[in-house]
Amino acid sequence: MEFISTDPLGTLGEISELKIWEKIKEAFAKREGYAYWRYPLFSEVPGQVGKYREPDILIVDKELGLIIIEVKGCYFNQIKQINGLLWSMTENFYTNQMYPVSQANKQMDDLLRYCDKQLELQDKVTSRILIGLPRIEREKWEAKFSNLPAAPPVICSNDLGAATLLKIIRNTPSIRPGGSLNDQQWKLLLGVVAGHSNDKYVWVQDNNTLLEVSHRKGVLDKVESTLFEMDILQEQLGKQIPPGPQRIRGIAGSGKTVILAQRAAHLHLKYPEWNIAFIFFTRSLYDQVRREVDRWLQRFSNERVTLEDAKNKIQILHAWGANEEEGFYSQFKKKLNLPSILDFQLKGSPTEKLAQLYCRILNHQPPIKPCYDAILIDEGQDLVVNEPLKFEERQPIYWLAWQTLRPTSSEKPHLRRLYWAYDEFQSLDALIVPEYKELFGRDLAEILIGRSAGVKYEGNILKSAVMRCCYRTPGNILVAAFALGTGLLRPRGRLSRFGKEDLKNNGFMMRGDLRSNNSLIQIWRNAENCKNPVSELWKKPSIEFQTFKDRQEEVYALVQKVIEAKNTGFKLDRHLMVICLGDKDKVQIQQKRIIEGLVQADISFFIPGSQGINQADFAENQNFFETKGNPSLFWMENAITLTGIHRAKGNEAFWVFISGLENIKEDNPQLRNQLFVAMTRTKGWLWISGLELEQQKTLYEEVRQAIQSNGRVEFRNRVDVEQL
């Protein structure tokens, strides 16, 4: 069984819970399932209007079903009387009255309500509740309370041996009897507990049902109804609240945004008075982030709290912000009454311009006062800059976030709740890995994560986590994208330095010796790190690559593919996406030609940041503060999104069309990274196209080799030191 502490245990009020929690871990260690200390499902506390609380201990056991244990740290003489469901307490207890059985019943009812939304689980899940009394002996309890009509099943201080504890739980009458769960139902129950199911019936991924489907829409329907099996690391990271900083790194599509959204929702429901900021770099992610945070707020509150309800406490902030929508930078600009600075007055990439503005805030006197209790940063790889733009050897954006955070406690002023996630190999500008020392300086990094500090917080909560499993992109496409993004197949050698450990951290398997020049290397991904079943369901090629003599030919072929997809049941929005590669000017030229083709075919399009459907105002070329449309939107209903790479980051579609491959210089790591990012936007299929140019023959041959490798790339180990 896996055991998840969602918050560090150890405060005075938790000593009693800790006693039972540790014994539960002993008693259930060899059983199949999950156990949570403080599972995040917040139910109203009986007798306390407006107060909500999560279960103390939730056990999900394949044989025994759902078990909730409500722990009360009272002594025997602190219980004056039990009258029905009401427990009257003495004055030296923290409350005069409580309803522990009603509280546990309410929590179980809320959880079973989610189970019952799944047809295969209706009336199938056995459930039990118990009251944990680790400071009361069973003999005293039974002498006074066991004969009461509403006497609850209890766990007393002398019941905490592993065998005794398991026997008591097994013999506790169920409040709603169910039946034995088959493997399919068990996977479904775990998915419900993880919170990844919805109100519809879902098909749980099962190798026995992964049969080949003859058309793409059939595959899409199966994938959309798939409930992925519970991932223990994802479950821990999503539901835990670290007491200090935490770094989450991983491959594209590994679920980092989902984890941060879960945590933001959990933080708000547990500490509703806290100020929380969720910061990200790609402006077109506003809608996605808001949807995800709102979904988890509703899930954890039993549909009681929405993002609209929490908007004064949870801020969803673009790293910049603009006139019509506040961001992390723009709010401090207003607070400090800084002069208006348009981005075109600054030098460098968007990240570098932003860093220059953040340095101005950090240099401001008086300094910014702490105003947040927790900050979550997504797309952390896009918020780092090279040495000349750092602030006192620290990354300015992270350091400003750190300065605006209140310490976790007065006893540990060096700890602050800053959580950041970044995608490996996905920065379009800097190629720096945002390590602790890179963000906070060596001295603070040593305090936070040095040898004496350890790699975990109390409660087995990691300070740094690596997400190896990819849920978005099929394995064969991810391997091809990695090979092309890093230049593995280049005759002159790869354009990225990495070692065996880096590959392992990103979920890749390797055969060969990277320390030996010119040695033969193989790279692939195991099934356990590839959760997208498309490559198993679809036996035909999932990547198509074509070259054309001119743009007109390319556009015609692309539009025919879009028509094919539309006619077979794909939605234009969210199912399909067109990405144009290259710099802003080249992207705009491509977009104009593609728009002409789409208009002739009577297909609606949307350019993120434009004023609406079929509006060709090319928001890609506008600066951050001068946008005519709504740059926070990436999709419009019944229109295919046509975008450049910067706005595509963080978004996804089932079928992605990539145009303009000829704009990727084969010896340029940043431009190759554009291709990697574009390829990893897909959840199913890719169509890649480029113009037939003599100077691109080498790159095009790499693309063909990567596609033909079918998920297992073989190359000679060489590093192009000159280009690096």
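What you are looking at is a predicted structure, and each value in this text was computed from that prediction instead of being measured.

**Q** What is the right way to read the packing of helix H19 (residues 551-567) against helix H20 (residues 584-600) from this model?
**A** Packed helix pairs are specified by the crossing angle of their axes together with the interaxial distance, meaning the distance between the axes. In contact at an axis separation of 9 Å, H19 and H20 are set at 50 degrees when each is read in the N-to-C sense. Classed by the angle they form, the pair H19 and H20 counts as oblique. For the pair H19 and H20, the sense of crossing is right-handed. Every residue of H20 that contacts H19 at Arg551, Gln552, Val555, Leu558 and Val559 is listed here: Gln590, Arg593, Ile594, Gly597 and Leu598.

**Q** Got a minute to help me understand the environment of Gly650 in this structure?
**A** Mapped onto the elements of the fold, Gly650 is located in the loop between helix H21 (645-648) and strand E28 (653-659). It is 8.6 Å that separates the C-alpha atoms of Gly650 and Gly253, two residues lying 397 residues apart in sequence. Excluding residues within four positions of it along the chain, Gly650 makes contact with Leu285, Gln288, Arg472 and Arg681.

**Q** Explanation requested: the packing of helix H8 (residues 256-270) against helix H9 (residues 286-300) in the structure shown.
**A** In the contact formed by H8 and H9, the axes pass within 8 Å of each other and the chain directions differ by 50 degrees. In terms of axis orientation, H8 runs oblique to H9. The hand of the H8/H9 crossing is right-handed. Where H8 approaches H9, its residues Thr257, Val258, Ala261, Gln262, Ala265, His266, His268 and Leu269 are matched on the opposing element by Gln288, Glu292, Val293, Arg295, Trp296, Leu297 and Phe300. Looking at the contact of H8 with H9 residue by residue, the classes come out as 8 nonpolar, 5 polar and 2 charged.

**Q** How do you make sense of the confidence of the model for the protein chain when you look at a structure like this?
**A** Should the pLDDT be low somewhere, the predicted coordinates at that spot are not to be read in detail. When pLDDT is averaged along the protein chain, the result is 89; 93% of the residues meet or exceed 70. For residues 199-211, every residue scores under 50 in pLDDT, and the model assigns this stretch 36 contacts once sequence neighbours within four places are set aside. Note on residues 619-626: pLDDT under 50 across the span, and 33 contacts to partners over four residues away in sequence or across chains.

**Q** Is there a simple way to explain the pattern of salt bridges in this structure?
**A** Pairing between side chains of opposite charge can happen when the charged atoms of each approach one another. Summed over all chains, the structure comprises 51 salt bridges. One salt bridge in this structure joins Lys649 and Glu379, with 3.4 Å as the shortest N-O distance. Of this pair, Lys649 sits in the loop between H21 and E28 while Glu379 sits in the loop between strand E17 (374-377) and helix H13 (396-403), placing them 270 residues apart in sequence. For Glu379, a relative accessible area of 5% puts it in the buried group. Each of Glu17, Arg38, Arg53, Asp56, Glu70 and Lys72 takes part in salt bridges that share partners, so that together they form one network.

**Q** Would you mind showing me how to read the nonpolar core here?
**A** Side chains that are nonpolar tend, in soluble globular proteins, to be buried together. With 47 residues, the main nonpolar core has Ile523, Leu661 and Met679 as its most contacted residues. With 8 residues, helix H16 (residues 475-486) is the single largest residue contributor to this core. Residue contacts for Leu661: discarding those within four places in its chain leaves Phe545, Leu581, Leu675, Ile688, Ser689, Gly690, Gln696, Leu699, Tyr700 and Val703. If you look at the next biggest cluster of nonpolar residues, it comprises 45 residues, including Leu338, Leu354, Leu362 and Cys371.

Rules behind the numbers
Residues numbered from 1 in each chain as written. Predicted model: local features only at pLDDT ≥ 70, side-chain atom pairs only at ≥ 80, totals over all residues. Heavy atoms only, no water. Axes fitted to C-alpha atoms, helices over the stretch in contact; angles between N-to-C directions. Helix = DSSP H or I, 4+ residues; strand = E, 2+ residues; numbered from the N terminus. Parallel < 35°, antiparallel > 145°, perpendicular 65-115°, else oblique. Left-handed = near helix turned anticlockwise from the far one by under 90°. Contact = heavy atoms within 4.5 Å. Nonpolar A, V, L, I, M, F, W, Y, C, P; charged D, E, K, R; others polar. pLDDT = per-residue confidence, 0-100. Salt bridge = Lys/Arg side-chain N within 4 Å of Asp/Glu carboxyl O. Buried < 20%, exposed > 50% of the residue type's maximum accessible area, 1.4 Å probe, protein only. Core = buried A, V, L, I, M, F, W, Y, C linked by side-chain atoms within 4.5 Å.

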